[in-house]
Amino acid sequence: MDRNTIQKILIGIVLAACIFIGLKSFNVLDVENTQTRPEATNNISSSRMTYGRFLEYLEMGWVKQVDLYDNNRNAIVQASSPELGNRPQSIRVEIPVGAGQLIQKLKEYDINFDAHPAPRKSIFITIASNLLLPVLFIAGLFFFFQNSDNFGSNGGNSPMSLGKSPARFDERPATGISFNDIAGIDEAKAEFEEIVSFLKEPERYTLVGAKIPKGVLLVGPPGTGKTLLAKAIASEANVPFYSVAGSEFVEMFIGIGAARIRDLFKKASENTPCIVFIDEIDAVGRERGAGIGGGNDEREQTLNQLLTEMDGFKENKGVIVVGATNRVDILDAALLRPGRFDRQITVGLPDRLGRIGILKVHAKNKPLDEDVSLVQLANRTPGFSGADLANLLNEAAILATRYNKETISKKEVNEAVDRIIGGIAGATMEDSKNKKLIAYHEVGHAIVGSVLEHHDNVEKITLVPRGGAKGLTWFAPEEDQGLVSRSQLIARIIGTLGGRVAEQIVFGEPEITTGASNDLQQVTNIARQMVTRFGMSNIGPIALEDSNNEQMFLGGENEGISDRIDMEVCNIVNHCEEVAKEIILNNRVVIDLAVEKLLDAETLSGEEFRELVSSYTVLPSKK
Ligand code: ADP
Ligand code: ZN
């Protein structure tokens, strides 16, 4: 019998039991019983008395008749007394255990009494009612634990199911996600379309001797659609989909992670063809022996089990393991060996066209006004992941609801972008010297950014505080920049310094504020990377640090190298500060005008700003 049948039978038993109990509690089955129950007598009275009181009644001679029930545990007493208004009444008395001499007493007082024997239940009912509870209990327990591992991650928490895989298991996933719902990651999609066709007709591949990868590793930053892709294959190929997060495997107790992996693959191989999706695979698959402490043993065992399982199915019978991570660099090399995750697919942040595609997917079920241009929106959102874009449109829809609108207009979309980039808007500042200083600071960024040919265009200047910033100037790159040139980096440094330099020139050295600390950090960061990573200084084309700011080993030449780095960084920053000063001084008139306008309006768009500036200065055309 397979498990489904067992479960059906169990459900049947439990249901039958419930019906039985229900009927029993309505006395439907206890026909015999009903007739002898004291409650059923017509002259029933709801009055009761205690046993002690009943003995008093006996002694007083007020008792006329006693009917005993339930093996002499209950009695209906016919009595009349002054306190009962001398009218005969039936009163119920519960007789305590051990009141064995009652019959003796009744005889003594010469009371008319009768004992009604307990009804003889049918054998069936007796057995059933005695066995029912335990059977029900056991069946219930059994049923519960049979199912606990199918009910998602909770199952993993109950102590009885330790070692059971916490994988969420969909028999035929109605995720409803198809390849049409995924945009902007076409290469990965093409790769997966192939896998789907293998799952659908494996013979076509095995016929020509083609081997299908057992493991596919999706590598990319969070929110780029890795989970979405895995779900899409499962539903496109109409196969079961097991999904589990690597972090769920890393438990406190040694051996549990490994047991879960074993269990997961057992389940998967019973249901081929299918997809096993392991999210955050780096949580299990980190390079072995790389850390300190006992927790590692557990992870290593889990990883070893995973490797064993993946080697286990020699010929791919249709379990395809899809892993997702954004840290392929820390994965254990053994995982990447042929026959395991031998195929890697990079899922990067979407480019402009990709973003348009993704926005279109998510705009499908949202009523957008005609003035909302998805193309423009895509232009404004370089660096956004698919999840960010989905979130953006959702935020806009929420705002529209808040304003009681039936469609989403440009206003809500813009506000959503501002929120996501800058955080929630705060209250604007009171007019004060501080506000004026911030205005000069922001216009300083904007003017420097505008006159530099290699700087991104100003998108918006605002004095509405967002997140931690008191004011903000946004720049929007026209195109996605895969590679960044030295001129662009230098322009970025000059533009970022523009804020502080404007404060200095307008208010004087003693008045400058702490508001520029973020800017300075960025400036130093860019300059330092130019020196240590990109070979853009007098030190020459040498990589001195890797992307994690770890120093790279430089043989014997290491002498004084860090002093030289610092010197080069200072050179770059000083040069850029000079340029920024020059720009601010040369444009002082228009800066004052722009500040006045900004203090008035609180927000200036890029076009408004450029229009103002271009009547005083010739602005470079930007590519
Ligand atoms: P990941 O697994 O890479 O972290 P997900 O697949 O969980 O990212 O994506 C989260 C959500 O973001 C998805 O449910 C979807 O709404 C949206 N999304 C991400 N990438 C895309 C894409 N390429 N196309 C359409 N929607 C996307
Ligand atoms: Zn600034």
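If you're wondering where the values come from, they're calculated on a predicted model, not measured in any experiment.

(A) Seen up close, the overall build of the protein chain. Looking only at helices and strands, the protein chain features 22 helices and 14 strands. Per-residue burial for the protein chain yields a buried fraction of 43% across its 623 residues. Pairs at least 24 apart in sequence give 72% of the contacts found in the protein chain among residues at least 6 apart. On the protein chain, roughly 33200 Å² of surface is accessible, and the fraction owed to carbon and sulfur atoms is 53%.

(B) Structural context of the packing of helix H17 (residues 433-451) against helix H21 (residues 588-601). Where H17 meets H21, the axes come as close as 9 Å, and the angle between the chain directions of the two elements is 125°. For the element pair H17 / H21, the angle class is oblique. Relative to H21, the crossing made by H17 is right-handed. The residues of H21 that touch H17, namely those facing Lys435, Lys436, Ala439, Tyr440, Val443 and Ile447, are Arg588, Val590, Ile591, Asp592, Ala594, Val595, Leu598 and Leu599. Here the residues of the contact of H17 with H21 sort into 10 nonpolar, no polar and four charged.

(C) Representation of the environment of Ile493 within the structure. If you trace the backbone, Ile493 turns up in helix H18 (residues 486-507). For the pair Ile493 and Ala580, spaced 87 residues apart in sequence, the C-alpha to C-alpha distance is 9.2 Å. Residues in contact with Ile493, not counting those within four places in the same chain, are Val523, Ile526, Ala527, Met530, Ile572 and Cys576.

(D) Main features of the UniProt feature "binding site: ATP" (unreviewed entry) in the protein chain. If you check UniProt for "binding site: ATP" (unreviewed entry), the listed places come out as Gly220, Pro221, Pro222, Gly223, Thr224, Gly225, Lys226 and Thr227 in our numbering. Looking at where Gly220 falls in the secondary structure, it is placed in the loop between strand S7 (215-219) and helix H8 (226-237). Beyond its immediate stretch of four places on either side in the chain, Gly220 contacts Lys226, Thr325, Asn326 and Val347. As for its placement among the helices and strands, Thr227 is situated in helix H8. Among all residues touching Thr227, those that are not within four sequence positions of it are Phe277 and Asp279.

(E) Main features of the site of ligand 1. The immediate surroundings of ligand 1 are formed by 16 residues, with Ala183, Gly223, Lys226, Thr227 and His362 found nearest. In the environment of ligand 1, an oxygen atom lies 3.2 Å from a nitrogen or oxygen atom belonging to the backbone of Thr224. In this structure, an oxygen atom belonging to ligand 1 sits 3.1 Å away from a main-chain N or O atom of Gly225. Notes on ligand 1: free accessible area 560 Å², of which the protein chains cover 79%. Every element with two or more residues in the shell around ligand 1 is listed here: H8, helix H13 (352-363) and helix H15 (386-402). Residues belonging to the shell around ligand 1 are distributed by class as follows: eight nonpolar, six polar and two charged. Taken together, domain 3 (167-346) and domain 4 (352-422) each give at least three residues to the shell around ligand 1, which thus spans both.

(F) Inspection of the packing of aromatic side chains at higher detail. In the structure shown here, the tally under the stated rule is four aromatic pairs. Seen from their ring centres, Tyr51 and Phe54 are 6.1 Å apart, and the 40° between their planes marks the pair as tilted. Of the two residues, Tyr51 and Phe54 both sit in helix H3 (residues 51-60), three residues apart, roughly one turn of that helix. Since its relative accessible area comes to 1%, Phe54 is described here as buried. Between the aromatic rings of Phe241 and Phe277, the centroid separation amounts to 6.1 Å while the plane-to-plane angle is 20°, which identifies the pairing as stacked.

(G) Region of the structure containing the sheet that holds strand S4 (residues 89-94). Taking strand neighbours across the sheet as the criterion, the five strands line up as S1-S4-S3-S2-S5 in an open arrangement whose pairing is mixed. Strands with a single pairing partner mark the edges of an open sheet, and in this sheet they are strand S1 (48-49) and strand S5 (112-115). Alignment of strand S2 (residues 63-69) against strand S3 (residues 74-79), held across six bridges, turns out to be antiparallel. Each residue of the ladder has a partner; that of Val66, found in S3, is Val77.

(H) Spatial organisation of the packing of helix H19 (residues 517-532) against helix H20 (residues 561-586). The contact between H19 and H20 brings their axes to 9 Å, and the two run at 125°. Between H19 and H20, the angle falls in the class oblique. Between H19 and H20 the crossing geometry is right-handed. Counted together, Val523, Thr524, Ala527, Arg528, Met530, Val531 and Thr532 of H19 and Ile565, Asp566, Glu568, Val569, Ile572 and Val573 of H20 form the full contact between these two elements. Counted by class, the contact of H19 with H20 contains eight nonpolar, two polar and three charged residues.

Reading guide: rules and limits
- Residues numbered from 1 in each chain as written.
- Chains lettered and ligands numbered in written order.
- Predicted model: local features only at pLDDT ≥ 70, side-chain atom pairs only at ≥ 80, totals over all residues.
- Heavy atoms only, no water.
- Helix = DSSP H or I, 4+ residues; strand = E, 2+ residues; numbered from the N terminus.
- Buried < 20%, exposed > 50% of the residue type's maximum accessible area, 1.4 Å probe, protein only.
- Contact = heavy atoms within 4.5 Å.
- Areas by Shrake-Rupley, 256 points an atom, 1.4 Å probe, with all protein chains shown as cover.
- Axes fitted to C-alpha atoms, helices over the stretch in contact; angles between N-to-C directions.
- Parallel < 35°, antiparallel > 145°, perpendicular 65-115°, else oblique.
- Left-handed = near helix turned anticlockwise from the far one by under 90°.
- Nonpolar A, V, L, I, M, F, W, Y, C, P; charged D, E, K, R; others polar.
- UniProt positions renumbered as here; feature names shortened; annotations may be inferred.
- Near = heavy atom within 4 Å.
- Polar contact = N/O pair within 3.5 Å; in protein donor to acceptor, adjacent residues only side chain to side chain.
- Domains from an automatic or database assignment.
- Phe/Tyr/Trp six-rings, centres within 6.5 Å; stacked < 30°, edge-to-face > 60°.
- Pairing = 2+ DSSP bridges.

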